[in-house]
Amino acid sequence: MAKEYDFKTVEKKWQNYWYDNKLFEVKEDADKPKFYGLIEFPYPSGAGLHVGHIRAFSSIEVIARKKRLEGFNVLFPIGFDAFGLPTENFAMQTKQHPRIVTDRNIIKFISQLKKVGYSFDWSRVIDTTDPDYYRWTQWIFLQLFKRGLAYKSNTFVNFCPVCKVVLANEESQNGVCDRCGAEVIQKEKDVWFLKIRDYSEKLLEGLNEVDFPEKIKVEQQNWIGRSTGAELIFKVRTKKGDYPLTVYTTRPDTIYGVTFLVVSPEHPLLAEHKESITNLAEIEAYQAQAKTKREFDRVHMAKDKTGVKVEGIYAVNPITGTRIPVFTADYVMMDYGTGAIMAVPAHDQRDWDFAKKFGLPIIEVISGGDVTVEAYAAKDGGTMVNSPLINGLPVKEAIAKMIGIMEARGIGKSKVDYKMKDWAFNRQRYWGEPIPIINCPKCGQVPVPEDQLPLRLPDLEDFSPSDDASSPLSKCKDWVNTTCPVCGGPATRETDTMPQWAGSSWYFLRYMSPHCDTAIVDPQAYKYWGQVDWYNGGMEHVTRHLIYSRFWNRFLYDIGVVGYPEPYKRRSAQGLILGSDGEKMSKSRGNTVNPDDIVDTYGADVLRTYILFIGDYEKPAPWNPDGIKGCARFLNRVWNLQDLVVEDCNTCDLNLDALIKKVGDDYENVKFNTAIAYLMTALNTIYARGKTTISEINTLLLLLNPVAPHLTSELFELLNKGGKIEKQRFPVYDPAKLVSDTVEIPVQIMGKLRAKITIPLNSTQDEAMAEIEKAGLLEGKTVLKVVFVPNKIINLVVR
RNA sequence: GCCGUUAUGGCGGAACAGGCAGACGCAAGGGACUUAAAAUCCCUCGAUCGAAAGAUCAUGUCGGUUCGAGCCCGACUAACGGCACCA
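Values in this document were obtained by computation on a predicted structure and should not be read as measured data.

> What's the story with the overall build of chain A in this structure? I'm lost.
Helix and strand counts for chain A come out as 24 helices and 31 strands. Considered along the principal axes of its C-alpha atoms, chain A spans approximately 105 × 85 × 50 Å. By the burial criterion, 54% of the 799 residues in chain A qualify as buried. When contacts within chain A are restricted to residue pairs at least 6 apart in sequence, those whose partners lie at least 24 apart make up 72%. Averaged over its 100 positive side-chain charges, chain A has a centre that lies 2 Å from the centre of its 102 negative ones.

> How do you make sense of the packing of helix α18 (residues 604-613) against helix α23 (residues 709-719) when you look at a structure like this?
Two measures define how a pair of helices packs: the angle their axes make with one another and the distance between the axes. Relative to each other, α18 and α23 sit at 125 degrees, their axes nearing to 7 Å. As far as their axial angle goes, α23 and α18 are oblique. Each of Ala604, Asp605 and Arg608 in α18 lies in contact with α23, whose residues at this interface are Pro709, His710 and Leu711. Residues of the contact of α18 with α23, tallied by class, amount to three nonpolar, one polar and two charged.

> How should I be thinking about the protein's contact with RNA strand B in this particular structure?
Taken together, 52 residues sit near RNA strand B, with Thr250, Lys305, Arg350, Lys419 and Asn795 positioned nearest. Among the atoms of RNA strand B close to the protein, meaning within 4 Å, 63% are from sugar or phosphate groups. Here threonine 250 contributes a backbone N or O atom positioned 2.3 Å from a sugar or linking oxygen of RNA strand B. The leading source of residues in the surface near RNA strand B is helix α21 (residues 672-689), at six residues. Here the surface near RNA strand B is built from residues that sort into 22 nonpolar, eleven polar and 19 charged.

> What exactly am I supposed to notice about the sheet that holds strand β23 (residues 490-493) here?
Either a parallel or an antiparallel arrangement is found when strands of a sheet pair, and the pairing is made through backbone hydrogen bonds. Spatially, the four strands line up as an open sheet ordered β21-β20-β23-β22, and their pairing is antiparallel. With one partner strand each, in any of the chains shown, β21 (444-447) and β22 (481-483) form the two edges of the open sheet. The average angle at which neighbouring strand axes cross in this sheet is 45 degrees, direction not considered. Alignment of strand β20 (residues 437-440) against β23, held across two bridges, turns out to be antiparallel. Within β23, the residue paired with asparagine 439 across the bridge is threonine 492. Helix α5 (residues 131-146) contacts β20 and β21 of the sheet and is inclined by roughly 135 degrees relative to β21.

> Please explain the layout of surface pockets as it appears in this structure.
The gaps left among the atoms become clear once a water-sized probe is rolled over them. Each pocket or cavity is described by its volume, and for the second largest pocket that value is around 410 Å³. Surrounding the second largest pocket, 20 residues form its lining, Leu23, Arg68, Leu69, Phe72 and Glu726 being those nearest its centre. Top element by residues in the lining of the second largest pocket is helix α2 (residues 51-69). It accounts for three residues. Of the residues that constitute the lining of the second largest pocket, the class distribution is eight nonpolar, five polar and seven charged.

> So what exactly am I meant to see when it comes to the pairing of strand β9 (residues 241-249) here?
Regular strands have side chains that alternate between both faces of the sheet. Where strand β8 (residues 226-238) lies against β9, nine bridges are found, and the strand directions are antiparallel. Counted as the bridge partner of isoleucine 233 is threonine 246 from β9. Hairpin connection of β8 to β9: two residues between the antiparallel strands.

> Looking at this structure, I do not really get the sheet that holds strand β2 (residues 73-75). What am I missing?
On the basis of which strands lie adjacent, the open sheet formed by four strands has the order β2-β1-β24-β25 and parallel pairing. The two strands at the open ends of the sheet, each matched to only one other strand, are β2 and β25 (571-573). Within this sheet the neighbouring strands show an average axis-to-axis angle of 20 degrees, counted without direction. Pairing geometry for strand β24 (residues 534-537) and β25, over three bridges, is parallel. In the strand pairing of β25, tyrosine 535 is matched with arginine 571.

> I'm lost on the nonpolar core in this one. Help?
The nonpolar side chains of a soluble globular protein tend to be buried with one another. Judged by nonpolar contacts, the single largest core of 85 residues is most densely connected at Leu113, Phe120, Trp623, Phe634, Val638, Tyr667 and Leu679. It is α2 that provides the largest number of residues to this core, a total of nine residues. Look past the residues within four positions of leucine 113 in its chain and what remains in contact with it is Tyr19, Leu49, Phe57, Ile78, Phe80, Tyr118, Phe120 and Trp122.

Parameters at a glance
Residues numbered from 1 in each chain as written. Chains lettered and ligands numbered in written order. Predicted model: local features only at pLDDT ≥ 70, side-chain atom pairs only at ≥ 80, totals over all residues. Heavy atoms only, no water. Helix = DSSP H or I, 4+ residues; strand = E, 2+ residues; numbered from the N terminus. Buried < 20%, exposed > 50% of the residue type's maximum accessible area, 1.4 Å probe, protein only. Contact = heavy atoms within 4.5 Å. Lys, Arg positive; Asp, Glu negative; His and termini not counted. Charge placed at Lys NZ, Arg CZ, Asp CG, Glu CD. Axes fitted to C-alpha atoms, helices over the stretch in contact; angles between N-to-C directions. Parallel < 35°, antiparallel > 145°, perpendicular 65-115°, else oblique. Nonpolar A, V, L, I, M, F, W, Y, C, P; charged D, E, K, R; others polar. Near = heavy atom within 4 Å. Polar contact = N/O pair within 3.5 Å; in protein donor to acceptor, adjacent residues only side chain to side chain. Pairing = 2+ DSSP bridges. 1 Å grid on protein atoms, 1.4 Å probe; cavity = no way out; pocket = protein on both sides within 12 Å on 5 of 7 lines; lining within 4 Å. Points joined across faces, edges and corners; volume = space filled by probe spheres on them. Core = buried A, V, L, I, M, F, W, Y, C linked by side-chain atoms within 4.5 Å.

Given below as structure tokens:
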């Protein structure tokens, strides 16, 4: 009998062996093919590692170990995305410096990750809060700034009047402050933006060349929100003369149905033509009200349209010459299109609602709906009516023709627009990268010279937010007051810091040469490692991190710093691990699972096996404490295979080639659950037979090694005179052995399974029928029709 | 409202490309071993009828295509995720 498997000793032994011998530390090696596997680096929260992390990391871990066995030079790095609010808040509460908190958390994470036996290259650990790292984050910002892609602009921020602090969007969900529950108000402030909109088209195009799950592509496409339409110019008659008001529309075909125009309350028309407006007081009251209205309200009041008619001015329809009234209403946004729309109530539900409320005419210009009941959008059908120049045309043709007419007359042009907004790139917080800009009264915004980077965070005593919506850094006068690098005169530093998404937008580049101090990435290292071959992470990052980092990489490509426009070749996404109650894990629900507990009770291999076996990798799965036991049993049975070893075994006819193919393919296809299931089936077969050979076990161990590396390393060593499993090659199957010479096919009668017959491979229909006759399945029946799929099935239609 | 995803036993989930529904695991029941328990091993395990052989029903609902549908088509329902007064 085999010695009982002592996971504690064995796991410790192999972890020491791997880490002490630096087995996973890699260098560029031109003789080997490279594989760069990446997991989203964790935020080192005080709570430590979560089972969600285990699921997220274990996929690439399996691939990394498999690729190593296949002879690849594998880069599988880890680091920490350590700037951010939770640490800062925790630091404030406990009156410790965030640096201390961060370092402590990182140490904890590293020890937890090592206990799981992950094959990370520990020589490349990066930390976004390390000045040697954020020096380069700041450097990238400066490149963006120098090319006009970073700019400061006035906008509204979420402000909690109780805590007196600017809140990030994620801290003010539903218009309520996360910490005190007070209603958040909008406060005007100058903030930095990155012109990600300039990259809309490139980010869309790039999706064509990457291997991402379709739903990720669709989500990014929707986020970018490309629409093709037209900009049309309506003349607005004012006391100062005609004001050319440009509206954006995707439906220029409906121009004959325009019965009013609507401008956003922030539209410059209103500010520039006050003297023409006869109900100015009313307009200004409405503007003031719209300003204080929170984003949240705007959305939830969607059905109850508000607005005011702008008296004293009117617009002229450029096609018909008709006079039409101008309104201002907050259902028109200043930051999309031109902030002004032509309203066609007959064919747009929002305009319809507004027209009903204000008693405005509704003119049908596309037949096919009943516009007295609701708007008829007619996206796919309908023909134009009441539209002299385009009557009778289907919608699509009408759009094209009308754009042509407008372009010819100089009153409009086709125009592509995007919903994606520029990236608001600052926070009024301490624990982030300082923005390396100096404000000089004479020279304006001056970049910190690159040789002065990193611009270090000053070591503040009090890093709590200020109550005037400015950053904590503004309190540090020694740091704020500086001299202008251009004119040498007195100047002040930018006091806002970068958002959390900054450091994570380029970290995959840093891993290639984490200690390079002359560039963000060493060109030789980049030349070798290039793109990330496979990147796994959460769906929640698809429209933030995943799009931001694609943007930065694309920018770096455009300025010649990197050689590939897309950073990630392939992306996969793990599903959420839910609590055993089927609900999202949370401390308040008390349904969380600490991976440390599982490692202590069952061992790292069991945890790894279970998290991969739990279900479809890409779908959410509830944690089941009993399920872990099954995986523990499985691994135990693998260990005990040593008791079944015989020298010669003529009945050991397990089809290993089929198993190798199945398991290997499943790993690559993110189907870890079925890969493990097939290994279990093979094991059951061996146990039923009662004997096995060392060579058979070795194959199984190699297949299982990426999932359960400790146990398989130990058993391999034991059975192979001290041999090391990592020196082996991942098994290769012989395609010729995947097919046998006979095949069992089902016999259906009238579509229902009635019997099974075993016939030689590639038998003809007649041979199959002969076999069925022999079995006496057709007595008293007349065969009307035979459907025969060679080697698959035979179905008989009988009477 | 728009976009997307999903729906299979008591549970998690399998089913390659329209061809044996329920692999694998859990739970449950029965048995062996044990003084006993744990561990381990063996058997049963979708529902209904039947002593059995077997038959019928069954992949969210209702229709359709097909020799054959969990899978394809049409119309729904529910849950989850994303976006949202986007012109």
